[in-house]
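Understanding the architecture of this molecule
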Amino acid sequence: MQFEKDVEPLIELNYNNFTQVERGIADFFLQNKEVMDFSAKNMAKVLFTSEATLSRFAQKCGFEGYRQFIYRYREGLQSEKNIPVESGTRLILKTYQELLNKSYALVEEEQIKKVSKLIAEKRRVFVYGKGSSGIAGEELKMRFMRLGIDIECITDSHVMTMSSALINENTLAVGITVSGRTNEVVRALKTAKNKGASTVIISSVHLKKWDDFIDNVLPVPTKEKLDLGKLISPQFPILVLCDILYTNVLGYDRRNKEALHELTLVELNAMAPADKII
């Protein structure tokens, strides 16, 4: 299956920044499954709005205008209609594929390179996360430790606060909150920024109020009730992003980082016999 630059994840990412009228437009395009006359003139009538508002909505989603937006939207709709409704194992795999497609739509290479450079060059990295996001943060920590990165994952709210004493301009603070509603994580990033650290948030939303204290937003896709883990693991989209960052960080001083990775494997293998239960 080909990856498509779907518009749905872009609408979801910017949803909280829309006006009330724009949210009505967003709701329509997120819920609609039928191909129809999507011309600006007709949609303005259907949605009781103006063509200018449709254009502004499209631009907030990252498109040049409504025409480009609707071209991508129509493509995604046609692709979705060609996929049969399935259940069980196929439904799970289809959900993973959908999230992969959304990840592709959200990835911005320049931003990935910028954050990867920060991870590779900062003396210390703190990762903040709670619940499922914290579990993903632990995985991120384990991956980057093996490249020689001085990284710590903090999942306790009180420790997040105490860690501020260790933060300075040589620190990178990474917060993970898929919903964007984990106040402890957002608060920790704000404190880190006040202490001079570089800040990154991994989230499925982008709130404008974050721009005052967050340097980079790395978007991840979401699906209804994904945070509940009802259908698939909520960590999946974060782990996809983690792999992308890992590959890019590995590109900095690749020879030494690969040597460190091999050294950790040797140490882990040396421990294996002692840990084995007979």
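Located above this text is the structure these notes cover.
Residues numbered from 1 in each chain as written. Predicted model: local features only at pLDDT ≥ 70, side-chain atom pairs only at ≥ 80, totals over all residues. Heavy atoms only, no water.

Strand order in this open sheet of five strands is S2-S1-S3-S4-S5, and the pairing throughout is parallel. Each having just a single partner strand, strand S2 (151–154) and strand S5 (216–219) make up the two edges of the open sheet. The average undirected angle you get between the axes of adjacent strands in this sheet is 20°. Summarising the sheet, strand S1 (residues 124–129) and strand S3 (residues 171–176) pair through six bridges and their orientation is parallel. (Pairing = 2+ DSSP bridges. Helix = DSSP H or I, 4+ residues; strand = E, 2+ residues; numbered from the N terminus. Axes fitted to C-alpha atoms, helices over the stretch in contact; angles between N-to-C directions.)

Looking now at the packing of helix H8 (residues 132–145) against helix H11 (residues 236–250). The description of two packed helices rests on the angle between their axes and on the distance between the axes. The N-to-C vectors of H8 and H11 enclose an angle of 20°; their axes lie 10 Å apart at closest approach. Between H8 and H11, the interaxial angle falls into the category roughly parallel. When you trace H8 past H11, the crossing you get is right-handed. Contacts from Ser133, Ala136, Glu139, Leu140, Arg143 and Phe144 of H8 reach H11 at Ile238, Leu239, Cys242, Asp243, Leu245, Tyr246 and Val249. (Parallel < 35°, antiparallel > 145°, perpendicular 65-115°, else oblique. Left-handed = near helix turned anticlockwise from the far one by under 90°. Contact = heavy atoms within 4.5 Å.)

Moving on: the pattern of salt bridges. Applying the stated criterion across every chain yields a total of nine salt bridges. Between Glu152 and Lys141 there is a salt bridge, with the nearest N and O atoms lying 3.3 Å from each other. Of this pair, Glu152 sits in strand S2 while Lys141 sits in helix H8, and the two are eleven residues apart along the sequence. Overall, Glu152 belongs to the partly exposed group, its relative accessible area being 30%. A residue is classified by how much of its surface remains accessible, and Lys141, at 14% relative accessible area, is buried. With a shortest N-O distance of 2.6 Å, Asp243 and Arg143 are connected by a salt bridge. Taken as a pair, Asp243 in helix H11 and Arg143 in helix H8 lie far apart in primary sequence, 100 residues in all. Given the relative accessible area of 22%, Arg143 is considered partly exposed. One network of salt bridges, with partners in common, ties together Glu8, Glu12, Glu98 and Lys102. (Salt bridge = Lys/Arg side-chain N within 4 Å of Asp/Glu carboxyl O. Buried < 20%, exposed > 50% of the residue type's maximum accessible area, 1.4 Å probe, protein only.)

Functional significance is not addressed by these values, which are geometric in nature.
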